[in-house]
Amino acid sequence: MSIPVSLKWAYRIGAVLLLTYALVAGLLSSLPRLENLGQTSRNLFYHVPMWFTMYMLMAVSVVASLMYLRKARVEFDRLAKEAATVGVFFGSLGLSTGIFWSRVTWGSLMPDSSFAAWWSWDPKQTLALGAILVYLAYFVLRSSVEDEAKRARLAAVYNLFAAASLVPLTLIIPRALGGLHPGGADGSPVFNNSDLSDEYRYIFYPAIIGFLCLGLWLTELRYRASKLNDLYLDHISES
Amino acid sequence: MMISSWLASFCPFFLQQETQHLLFKSDKAYTLLIVMLIIWLGVLGLLFRLDRRLSKIEKQSGANKSS
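Note that this is a predicted model, so its numbers are computed, not measured.

### Describing the overall build of chain B
(1) Moving on: Across its full length, chain B carries 2 helices and 0 strands.
(2) Moving on: For chain B, buried positions account for 3% of its 67 residues.

### Some details on the overall build of chain A
(1) Moving on: Helix and strand content of chain A: 6 helices and 0 strands.
(2) Moving on: A principal-axis box enclosing the C-alpha atoms of chain A has dimensions of 65 × 35 × 30 Å.
(3) Moving on: By sequence separation, contacts in chain A at least 24 residues apart represent 74% of the contacts at least 6 residues apart.

### Description of the nonpolar core
Residue and element names in this part refer to chain A.
(1) Moving on: The biggest cluster of nonpolar side chains holds 55 residues, and the ones touching the most others in it are Ala-22, Leu-57, Ala-80, Ala-83 and Cys-213.
(2) Moving on: Of all the secondary structure elements, the ones that give two or more residues to this core are α1 (5-28), α2 (44-71), α3 (74-105), α4 (123-143), α5 (148-176) and α6 (198-238).
(3) Moving on: Element by element, the count of residues in this core is highest for α6, at 13 residues.
(4) Moving on: Each residue touching Ala-22, except ones within four places of it in the same chain, is listed here: Phe-45, Ile-203, Pro-206, Ala-207 and Gly-210.

### Looking at α5(A)
Residue and element names in this part refer to chain A.
(1) Moving on: Its 29 residues place the ends of α5 41 Å apart at the C-alpha level, agreeing with the 42 Å of an ideal helix rising 1.5 Å per residue.
(2) Moving on: Within α5 the residues assigned to the buried category are Ala-152, Ala-155, Ala-156, Asn-159, Ala-162, Ala-163, Leu-166, Leu-169, Thr-170 and Pro-174.
(3) Moving on: Considering only its buried residues, α5 is in contact with α2, α3 and α4.

Parameters and conventions
Residues numbered from 1 in each chain as written. Chains lettered and ligands numbered in written order. Predicted model: local features only at pLDDT ≥ 70, side-chain atom pairs only at ≥ 80, totals over all residues. Helix = DSSP H or I, 4+ residues; strand = E, 2+ residues; numbered from the N terminus. Buried ≥ 20, exposed ≤ 12 C-beta atoms within 10 Å, placed from the backbone. Contact = placed C-beta atoms within 7 Å. Core = buried A, V, L, I, M, F, W, Y, C linked by C-beta atoms within 7 Å. Expected span 1.5 Å × (residues − 1).

Written out as structure tokens, the structure reads:
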């Protein structure tokens, strides 16, 4: 698998510039305020891109799995695994930042304003946890099969199911259910587009692209390390 | 202040209500940004070093020749 050098540099530079911008502008710019959120509305630039990055990496992973099922080449299995690993990493960051954020902001929406829970069984939050668990099972499955070709094939088939389950779990059901997490009514399952002023979009969109770039970069590094690891194992088993 | 005026040059909405702003109430709030930047740049440095190290090992092992 060879990625063009220009693309490799594109996402490195994208991550450095866009995320540095998102960090500085996300903290320093003055933004319109929304009731209940206070300054935590700036979390939009950091919490939400975690999920965008997870979706992109799961898409990379499932395409790699499809390619593996067509061509049965080990590099596609490797890419599927590493993209899913970094995807679960970003999903976990999205979930934990959400838990922390919700404790502060959802507490003020509760009838008893002193109530602040770490976990409220909000439908979107709970289904996002479910989606991450579906992906954890992917790694359990991988580690339970010794034979490499069999593992790769089983994992690829399971990955199709895992990726497909993301759609109802995090995109369709959240639209239909209410809950504390924003979103559902106007086009997006997880945030209110009408709440989002241009001041936010100037930082939000670069932040998303920046985190996507970082996700690709991390996946590439893990992919290369995994390949070297296999080469080394082959080498010691030969000698 | 330098950072913010630089940002204002390409981000038109930047600093419209400067006086109300959280980070301008006290100079010390910049410390927060600096700390976060140090951490972020540190992580980036680590990533680039890891990148270089992998390239070096790839070269030594001839990993690029095979798939």
